[in-house]
Amino acid sequence: MSKVYKKTSGNGHIALYLGKRDFVDHVDSVEIVEGVIKVDPAGLEGRKVFVYLACAFRYGSEDLDVMGLSFRRDIWIQRVQVYPPTEGTTAKTPMMEFLMKKVGEQGYPFTFQMPTDLPCSVSLQPGPNDSGKACGVDFEIKGYLANVACNAEEVIEKKDTCRLMIRKIQFAPANNKAGPKADISKQFMMTDKPLNLEASLEKEVYYHGDPITVKVKVNNETNKVVKKIKVSVEQLTNVALYSSDTYSKTVCCEEFGETINANSSLDKSFQITPLLSSNKEKRGLSVDGRLKDEDTHLASTTLSQGEKEMQGIIVSYKVRVTLVASGGGLLGGLTGSDVILDLPLVLMSPKPADIDAALKALNVRFLLNVATTLVVSRLTHRM
């Protein structure tokens, strides 16, 4: 806990302090948001100090916020009064004690508990010529001076506010299960038997940047010829706000020149790797929310609790296998058709603990290799 995030109001009378800006959604619970606000009572002029945490969906650039119209809708918001302190004390956690030591006697703690039905931080990638803040779902903590917590008629000046953006994130489940499997049979005109396609993934969850291995089995009992196989990854973005709309974008597509003649079969694995770096020009692509100008990657799959409704942006992926078949017999290419099969894909980031464990394992192997090399070298020298 050596790093502290701080934001001071324009007049210097209040300042927000956070020990971290990423808060993990464990599906059945979300990490508590803990912070401290520093208050200079001399500059309040009888006003109170409030802090709110808001989850909002921005569906238009900031430069469009004119004439009192805002292209931003609050999905969830919670307010607390921190000064003067109200009844009830906030439990002192290690994070709270650390922040209070940093702030001193003028610090007042606050906590927020986010519900589990809120979306994660997701941005929609702007186009090459777009400017301003990107559309998407974001979370904001704001401290402000006011007479009451929420009054539409009370004007709160910008100098009386301080704000910090935070992120709500999800990590891949610890237990990686076996991958999905599906099959399809398609009957064509002028053929007695079908074309059978079976596809499967090695595991249920893949990390960003990892190659995805797709195992494909084809049994072609028709008189058609499969000219090539296309394997792609589709990103499905469900924008659930006033209504529910789903948008699909291809984030990775590879064509493999595998020919499967009539009355023959194929059993082979193909690898593809969806990367944001290959999709920088695609406007509206969902990416994980970022703080400032840091690097990010494709948006992670949204994990939710079964049938629980969620607003905002919900992201999912699927792997699509397409057999491109040409017609045989008298009609030739006129009877050509594609055979398409979809598999659900979970694309996420590993938990930091998993990363640390992987690095430790690499260090152990490195040290063992070095030790083995030294032993062998000394034995060779003695001989």
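Residues numbered from 1 in each chain as written. Predicted model: local features only at pLDDT ≥ 70, side-chain atom pairs only at ≥ 80, totals over all residues. Heavy atoms only, no water.

By size, the foremost hydrophobic cluster in this structure holds 71 residues, and its most contacted members are I37, V49, F110, M114, I141, I229 and V233. Examining the composition of this core, we find that six residues originate from one element, strand β19 (residues 312-326), more than from any other. Membership of the second largest hydrophobic core comes to eight residues, among which are A15, Y17, M96 and V103. (Core = buried A, V, L, I, M, F, W, Y, C linked by side-chain atoms within 4.5 Å. Buried < 20%, exposed > 50% of the residue type's maximum accessible area, 1.4 Å probe, protein only. Helix = DSSP H or I, 4+ residues; strand = E, 2+ residues; numbered from the N terminus.)

For the rest of this paragraph, the subject is the pattern of salt bridges. All chains considered together, the criterion is met by ten salt bridges. The salt bridge partner of K168 is D25, with a shortest N-O separation of 2.7 Å. Of this pair, K168 sits in strand β10 (residues 161-169) while D25 is found in the loop between β3 (22-24) and β4 (33-39), placing the two residues 143 residues apart along the sequence. Summarising the burial analysis for this pair, K168 and D25 share the class buried. Through salt bridges with shared partners, a single ionic network connects K318, R320 and D342. (Salt bridge = Lys/Arg side-chain N within 4 Å of Asp/Glu carboxyl O.)

Attention now goes to the confidence of the model for the protein. Confidence in the prediction for the protein averages 84 pLDDT; 82% of positions are at 70 or higher. Scored below 50 in pLDDT, residues 355-359 shows one contact in the model against residues more than four places distant or in partner chains. (pLDDT = per-residue confidence, 0-100. Contact = heavy atoms within 4.5 Å.)

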